[in-house]
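# Reading the structure
Below are the chains, spelled out letter by letter.
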Amino acid sequence: MDARGWTELDFIIVSGDAYVDHPAFGTAIIGRLLENLGFKVGIIAQPDWRSKQDFIKLGQPKYAFLVTAGNMDSMVNHYTVSKHRRNYDNYSPGGEKGYRPDRATIVYCNRIKEISEKPIIIGGIEASLRRFAYYDYWDNKVRRSLLFDSRADLLVYGMGEKQIVEIAENMANGLDIEYIQHIPGTCYVADDLADVYGAREIPSFQAVTNSKKEYAKAFKTQYLEQDPVRGEVLVQQHGDRYLVQNQPTEPLDQSELDHVYGLPYQRTYHPSYEELGGIPAIKEVKFSIVSSRGCFGGCSFCALTFHQGRRVTARSHESIIAEAKKIINDPDFKGYIHDIGGPTANFRETGCEKQVYQGVCKNRECLYPSPCAKLKVDHGDYLSLLRKLRNLPGVKKVFIRSGIRFDYVLADTDDSFFKELCEFHVSGQLKVAPEHVSTNVLAYMGKPKNEVFEEFRKKFYHINEELEMEQYLIPYFISSHPGSRLEDAIELAEYLRDINHHPEQVQDFYPTPGTLSTTMYYSEYDPRTMKKVYVAKSGKEKKMQRALLQYHQKCNYAIVREALRKAGREDLIGYQQQALVPPK
């Protein structure tokens, strides 16, 4: 500030992450965007929350504090699905833990309240997914909207660029924060509903706390109204006050995305972290490029629908190539671009034109249970982009690591993308996520039937055989997802046996805020149908389901035998060909 001759900042961003000036990090995007508009921005990264000192280092902002827990929910960052404390933090110096508190958004806001009366605006993934009353897995109870517990003035949900620009311009024009309650993609607290017009009220905090069925009903409405075209203003009563969610904001269009990703990022962490070992998170993204946002995949366990939305928008080829050239000029670049993708790499445009003008369908997913007849299936634009990138001087290979939807690949009548994917963009192993094989479980997950994955798997190996390449498919699976019984886990174990695949990693279902699956886990209802759902909640059964997916490991033999006996499947114990484990 002294070097720039500044005596006061317009906005101060307080973040739970170390500062990395790269467009894969939300703090960098918001800071650079505000700077580009002429605002003076300061960043307090990972302040020591045990005292006030770090929070007063940059003085008082002219307009507001902007608070985020960082790129991850702080509780997910800190704890495994077993609720054990993680030993590593990718977003902190040297990967060391302990640089941010649990529930960072709440803690930071309450510290700021002690030293300032300036407005506080919260955003990022933690705030976005906790904007309504939500089930908290770590407390195992329903908590109030984060807006109440943080005592912030405004909550920005979703990706945030449009909202923060409009908020900043309103404040610069003299509008006080209490009058900035009209911006799409934001939430605020109202004392009454006298000035809230055309809103739809969902079950209150008290109602969803007292009734799991009401919780499921509330989430269903939140989920269905997550659309910028047809979404309604939603209201949820909390005691004698109301949480008001304005309708979602429109996603950034191509020119807006190009502008955001073209800002002058330094593309690395702040030099002050060098002596502490740097920031590990940069390794995964330093040579990767975000191509698109949004996802119409509709997986039940994913929060993207609730955060980025189902409409896909993409950057132009020119913008992506310009970023690729910056990567090529990096002294550490070895010729390999690690990823060109987004939430789903092979989605580059909206599912259909109707989504732009009428909104996404309320009661129909684009890909589940099978691709919609109106779905635009075309990899042409993505394929053209990949060809341009791999032909750039200095580029040896362009990988795709952010995941592809295999059912969308199969829906394309032109195999060009599939063939070039295998020939040019796989590093020996292609990771895909069928997640399960049981038709019962896949229906709760919103994923295609296993026959679809089998078709993809066979086609993948057939193409590689034609190319005379030895490459492998690495499928990922989730254990103990809502709806999964022991019988379903055994069906998956038998499938793994039959394809001779022994997964080294298995992900237990993690009930994080903002997903359809978490609502199923807590309420034991499927919000889409309001029918009861079986949920494995005991530690013993979850351990059994996980062990079944890794039945080949000797350390799991005993619990797998126990699970098989419990399910009446002793036929899978022994030395016969179909057996999963030997007898004791």
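This text goes with the structure placed above it.
Reading the values: rules and limits
Residues numbered from 1 in each chain as written. Predicted model: local features only at pLDDT ≥ 70, side-chain atom pairs only at ≥ 80, totals over all residues. Heavy atoms only, no water. Axes fitted to C-alpha atoms, helices over the stretch in contact; angles between N-to-C directions. Helix = DSSP H or I, 4+ residues; strand = E, 2+ residues; numbered from the N terminus. Parallel < 35°, antiparallel > 145°, perpendicular 65-115°, else oblique. Contact = heavy atoms within 4.5 Å. Nonpolar A, V, L, I, M, F, W, Y, C, P; charged D, E, K, R; others polar. Core = buried A, V, L, I, M, F, W, Y, C linked by side-chain atoms within 4.5 Å. Buried < 20%, exposed > 50% of the residue type's maximum accessible area, 1.4 Å probe, protein only. Pairing = 2+ DSSP bridges. Patch = residues over 30% accessible without salt bridge, like charges linked within 9 Å, V, L, I, M, F, W, Y side chains within 5 Å. Areas by Shrake-Rupley, 256 points an atom, 1.4 Å probe, with all protein chains shown as cover. Salt bridge = Lys/Arg side-chain N within 4 Å of Asp/Glu carboxyl O. Lys, Arg positive; Asp, Glu negative; His and termini not counted. Charge placed at Lys NZ, Arg CZ, Asp CG, Glu CD. Phe/Tyr/Trp six-rings, centres within 6.5 Å; stacked < 30°, edge-to-face > 60°. Lys NZ or Arg CZ within 6 Å of the ring centre and 35° of its normal.

### Notes on the packing of helix H8 (residues 212-224) against helix H20 (residues 516-523)
Across the interface, H8 lies against H20 with an axial gap of 9 Å and an inter-helix angle of 170 degrees. Judged on the interaxial angle alone, H20 and H8 are roughly antiparallel. Here Lys-212, Tyr-215, Ala-216 and Phe-219 of H8 lie close against H20, whose contacting residues are Leu-516, Thr-519, Tyr-522 and Ser-523. Of the residues that constitute the contact of H8 with H20, the class distribution is five nonpolar, two polar and one charged.

### Side note on the nonpolar core
If you look at the biggest cluster of nonpolar residues, it comprises 65 residues, and the most contacted ones within it are Val-14, Phe-65, Val-67, Ile-120 and Ile-122. Sort the elements by how many residues they give to this core and helix H3 (residues 104-115) lands first, with six residues. The residues touching Val-67, leaving out its near neighbours within four places in the chain, are Val-14, Thr-105, Tyr-108, Cys-109, Ile-112, Ile-120, Ile-121, Ile-122 and Gly-123.

### A look at unusual backbone geometry
Along the chain, Tyr-368 connects to Pro-369 via a cis peptide bond; the corresponding omega equals 0 degrees. Tracing the backbone through its elements, the reader meets Pro-369 in the loop between helix H13 (354-357) and helix H14 (380-390). Positive phi, normally seen in glycine, also occurs at Glu-468, with a value near 60 degrees. Inspection of the secondary structure assignment puts Glu-468 in the loop between helix H18 (450-466) and strand E21 (472-479).

### Section: the pairing of E21
Side chains on a regular strand alternate between the two faces of the sheet. Direction of pairing for strand E20 (residues 429-435) relative to E21: parallel, over a ladder of five bridges. Each residue of the ladder has a partner; that of Gln-429, found in E21, is Tyr-472. Across two bridges, E21 lies against strand E22 (residues 507-508) in parallel orientation. Opposite Ser-479, over in E22, you have Asp-508 as the bridge partner.

### With respect to a negative patch on the surface
Taken together, Asp-191, Asp-192, Asp-195 and Asp-240 make up a surface patch of like negative charges. Examined against the element boundaries, Asp-191 turns out to sit in the loop between strand E9 (186-190) and strand E10 (200-202). Looking at Asp-191, the relative accessible area reads 59%, which means it is exposed.

### Topic: the packing of aromatic side chains
Applying the stated criterion to the full structure yields 25 aromatic pairs. Relative to Phe-399, the ring of Tyr-336 has its centre 6.1 Å away and its plane inclined at 10 degrees; by these criteria the two rings are stacked. With a gap of 63 residues between them, Tyr-336 in strand E17 (residues 336-337) and Phe-399 in the loop between strand E19 (397-398) and helix H15 (406-411) connect regions that are remote in the sequence. A relative accessible area of 8% means that Phe-399 is categorised as buried. An aromatic cluster is present here, built from Tyr-135, Tyr-137, Trp-138, Tyr-215, Phe-509, Tyr-510, Tyr-521 and Tyr-522 joined pairwise through their rings. A cation sits over an aromatic face here: Arg-131 above Phe-306, 4.1 Å from the ring centre.

### Focus: the side chain of Ser-204
One can find Ser-204 in the loop between E10 and helix H7 (205-210). The contacts of Ser-204, once residues within four sequence positions are left out, are Gln-236 and Gln-237.

### Regarding the pattern of salt bridges
Scanning all chains against the criterion turns up 44 salt bridges. A salt bridge links Arg-32 to Glu-35; the nearest nitrogen and oxygen atoms lie 2.9 Å apart. Of this pair, Arg-32 and Glu-35 both sit in helix H1 (residues 26-36), separated by three residues, roughly a single helical turn. Looking at Arg-32, the relative accessible area reads 16%, which means it is buried. Between Glu-420 and Arg-390 there is a salt bridge, and its shortest N-O distance comes to 2.7 Å. Placement of Glu-420 in helix H16 (residues 416-424) and of Arg-390 in helix H14 is noted, with a sequence separation of 30 residues between them. For the pair formed by Glu-420 and Arg-390, the shared burial category is buried. Where salt bridges share partners, they join Asp-73, Arg-103, Arg-130, Asp-136, Asp-139, Arg-143, Arg-144 and Asp-149 into one cluster.

### Re the sheet that holds E22
Backbone-to-backbone hydrogen bonds join strands into a sheet, with any given pair of strands oriented parallel or antiparallel. On the basis of which strands lie adjacent, the open sheet formed by three strands has the order E20-E21-E22 and parallel pairing. In this open sheet, the two strands that pair with only one neighbour each are E20 and E22. Its contacts with the sheet place H18 against E20 and E21, and it is angled at close to 160 degrees to E21. Contacts from helix H21 (residues 539-549) reach E21 and E22 within the one sheet, and its direction differs from that of E21 by about 170 degrees.

Spatial relationships are all this shows, so hold off on functional conclusions.
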